[in-house]
Protein chains: 2
Amino acid sequence: MGEFGVINRITGRLTQGPDVLLGPGDDAAVLAAPDGRVAVTTDLLVEGRHFRRDWSSGYDIGRKAAAQNLADVAAMGARPTALVVGLGIPADTPVAWLDALTDGMRDECAEVGASVAGGDIVRADLVVLGVTALGDLGGRPPVTRSGARPGQLVAVTGRLGYAAAGLALLQAGHATEEFAELVAAHRRPRPPYRRGPEAAELGATAMLDVSDGLVQDLGHIAAASGVGVAVDPEALPVPETMRAAAAALGADPLDWVLGGGEDHALAAVFPAGTALPDEWRVIGRVVEGGGVQVAGRAAGRAGWDHFR
Amino acid sequence: MGEFGVINRITGRLTQGPDVLLGPGDDAAVLAAPDGRVAVTTDLLVEGRHFRRDWSSGYDIGRKAAAQNLADVAAMGARPTALVVGLGIPADTPVAWLDALTDGMRDECAEVGASVAGGDIVRADLVVLGVTALGDLGGRPPVTRSGARPGQLVAVTGRLGYAAAGLALLQAGHATEEFAELVAAHRRPRPPYRRGPEAAELGATAMLDVSDGLVQDLGHIAAASGVGVAVDPEALPVPETMRAAAAALGADPLDWVLGGGEDHALAAVFPAGTALPDEWRVIGRVVEGGGVQVAGRAAGRAGWDHFR
C-alpha cells in the first residue's frame, strides 16, 4: 500500500475533537492549551515485552497503549486532549490488524473526549508504539508525587490486581471462561480517567497512576514526598473471581492487588477529613518516616515485584 | 544499573529551560503554552533503518533524533520548547553510549532554547527512539502546507543534499577526509530552526521541512494547496565538495539536491514581492495545475526517490 497509503487509511478512520486545532497531515499538529500550559507524557511499547499479538487483538493493543498514556495525564489532575503516535510495523502486517489498532486508540481516546491528532509510521521488525499523550490542567496546579504529608489519607480508585491476575492466567494456560473478566483486564485496562481531575478539585496533595504495582508506586510518593505510607491490607478489595483464580493457580491474590501493575488505578493522597466520593476507597495513611508498610511491616520492593 | 538508576543518570545530565514548568520524574511533564496552543509532532527512529551505531556516535544520533523533530516544529512557524523521548535500549548498551545520546539530545535542544522534559525507558532488542517535540506559535497562525497560491515565490533555507551525499559516501566506503563536511551532515543535520518563525513573520503561506527530498516535499505543498510548483534547478546551490563527491561516485549531484532528505532545510512559499533575508534563496514559483516541475519537466516521484 505504501507509506502514504497507510497514512491515509489510518487518518481516514480517526475523528478529531474540539481540542485539535490542526490534525494529521502537516509537519506538526496544533492543539488547544486553554490555560497556557500543557501536560505531556510518553511511553514506548515493544511487541513481546509490553504486548503479544497472539494474546491481544490489534484493537485491544490500541486501547491499552492509549489507556496507559491517557491515565498518566489524568494522574496529574489533567483532562487528556490528544495523542500523537509513532508506529513501527513489519512489512507483512495485515491491514485489518492496523485498522483494528487504529480503532482501538481512537475509541479509548473517545472515552475521555481526546483524539489521535498525529503520528509517524515506519517499518520495523516488530510492532513498536511510541505514544505521547497531552492534557489540559484546567487552571489547577498539577498534582505531583511530592505533596503528601503525615496524617493525610491514602486512597485508590479503579481496579487493582485484575490485569496481573489475567496475565498469570494467560501464562499458566488457564484463561478459561470463568476468569474472562480478569483476562479481559489484562488485555484492556479501564483507567478511572475522570477521577484524576476530580481528585485535583478535591484537594489531592499527591497522585499517580498505578502502573508498576500499588506498593512500588506508593513508594514513589513516599520517596518524592519524604514520608512513609502505611497500607491496611484489610481495606483492599479482593473480588471473589480473583480469589478463585488464585486458588486455581496456587497464588496469593494479595500479591496481585499489592504488586500488580497495568490496571492504571489512581492512588492519591488527600488531607484528613476530605469527604471522598464513593468511588475512592481509603486504604491507608501517610506517616512519618519513609517507605511503604503493609499491615505494619515494611514492604521491600522485593516483596511485591513478581510482575516486573 | 536498573531502570531507576538509568533514569536518574539520564535526568541528571539534563537541564530544564524556562518553558518547563514541571520536568522529569512525575506521571507527566508540564510545559508552558503561552498563547493557549501547542504544536506537537512525533517520530519513531529504529536502529538499522534510521541510524547505525557503527556509522554514527551516540551523541550524533541524539542530536539527529532531536533535530528532525525540532525542525518539524519550526516548519509550522513555531519555536520549539521541549522534547519528550521514549527510549528502547538493549540490556548490553554501554552507559557511556547512553550518556552520549542524552548529551546529544540535550545539546541539540539547547540550540533553540528547548529542553528534554520527560521520557520513558524500556528494554528492546534494538535501539528505538520515540521522539515528540512541542512548540509555541507565539500568537501566529500555524504555517501549513495548504496556503500556496499561483504566482507566489518558492524559497529554501538550510542545506540540501548534504546528508544524502554523506550517506552515499558512507555506503560506498568512500567517507574520506576530503568529504568530511558531507559525512558530518549525514550524521548531524543542522536545521535552520530560527528561519521557521521568521518565515511566519514574513507572511509565508506554506512551509515544510525537507525530510524526504526537495521534489517530493514540494509535491506535498502542491497537493495540499491544489497548485503546481516550478523549480529552477539553476537556482539550486551545488557546492564544490558535492560536485567532487558526485564525480568520485559517478553520481549526479542534482539527484542529492533534489532528492535527498534528512538535511531538514525549510522550504516555504511567500507572496510575490516579499523582501526575503539573504538566508532564503528563491528557487521557483507556484503555478497553476499540480505536481512539481524541474526545468519545465514534470518530476515524477520515481525520478527522485533514490533515497527512500
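Residues numbered from 1 in each chain as written. Chains lettered and ligands numbered in written order. Predicted model: local features only at pLDDT ≥ 70, side-chain atom pairs only at ≥ 80, totals over all residues. Heavy atoms only, no water.

1. A short note on the relation of the copies chain B and chain A
Point 1. By a simple turn and slide, chain B fits onto chain A: the slide is 0.0 Å along the axis, the RMSD is 0.0 Å, and the turn is 180°. Both copies of the chain, as the preceding transformation shows, are related through a two-fold rotation axis. (Least-squares fit on C-alpha atoms with pLDDT ≥ 70 in both.)

2. Notes on unusual backbone geometry
Point 1. Even without being glycine, Glu262 of chain A reaches a positive phi, approximately 80°.
Point 2. Tracing the backbone shows Glu262 of chain A in the loop between helix H9 (253-259) and strand S10 (265-270).
Point 3. The backbone of Ala295 of chain B shows a phi angle near 55°, a positive value even though the residue is not glycine.
Point 4. Structurally, the position occupied by Ala295 of chain B is in the loop between strand S12 (291-294) and strand S13 (297-298). (Helix = DSSP H or I, 4+ residues; strand = E, 2+ residues; numbered from the N terminus.)

3. Some details on the domain arrangement of chain A
Residue and element names in this part refer to chain A.
Point 1. For chain A, the assigned domains are domain 1 (3-136) and domain 2 (153-304).
Point 2. Taking the mean C-alpha position of each, domain 1 and domain 2 sit 26 Å from one another.
Point 3. In this complex, domain 1 contributes 20 residues to the contact, which on the side of domain 2 involves 19 residues.
Point 4. Interface area for domain 1 against domain 2, summed over the two sides, is near 1,700 Å², with a carbon-plus-sulfur share of 58%.
Point 5. Contact with domain 2 buries surface across domain 1, with Trp55, Lys64 and Ala75 losing the most and accounting together for 36% of the total.
Point 6. Our count for the contact surface shared by domain 1 and domain 2 stands at 2 salt bridges.
Point 7. Between Asp60 and Arg188 there is a salt bridge, with the nearest N and O atoms lying 3.0 Å from each other.
Point 8. Here domain 1 and domain 2 share 6 residue pairs in polar contact (both at pLDDT 80 or more) between them. (Domains from an automatic or database assignment. Contact = heavy atoms within 4.5 Å. Buried area = accessible area lost by both parts, 1.4 Å probe. Salt bridge = Lys/Arg side-chain N within 4 Å of Asp/Glu carboxyl O. Polar contact = N/O pair within 3.5 Å; in protein donor to acceptor, adjacent residues only side chain to side chain.)

4. Re the environment of Ala82 of chain B
All names here are of chain B.
Point 1. The topology assignment puts Ala82 in strand S4 (residues 79-89).
Point 2. Of the residues examined, Ala82 reaches a relative accessible area of 1% and is grouped as buried.
Point 3. C-alpha of Ala82 to C-alpha of Asp136: the two residues are 54 residues apart in sequence and 9.7 Å apart in space.
Point 4. The contact partners of Ala82, leaving out residues within four places of it in the chain, are Leu31, Ala114, Ser115, Ala117, Thr132, Ala133 and Leu134. (Buried < 20%, exposed > 50% of the residue type's maximum accessible area, 1.4 Å probe, protein only.)

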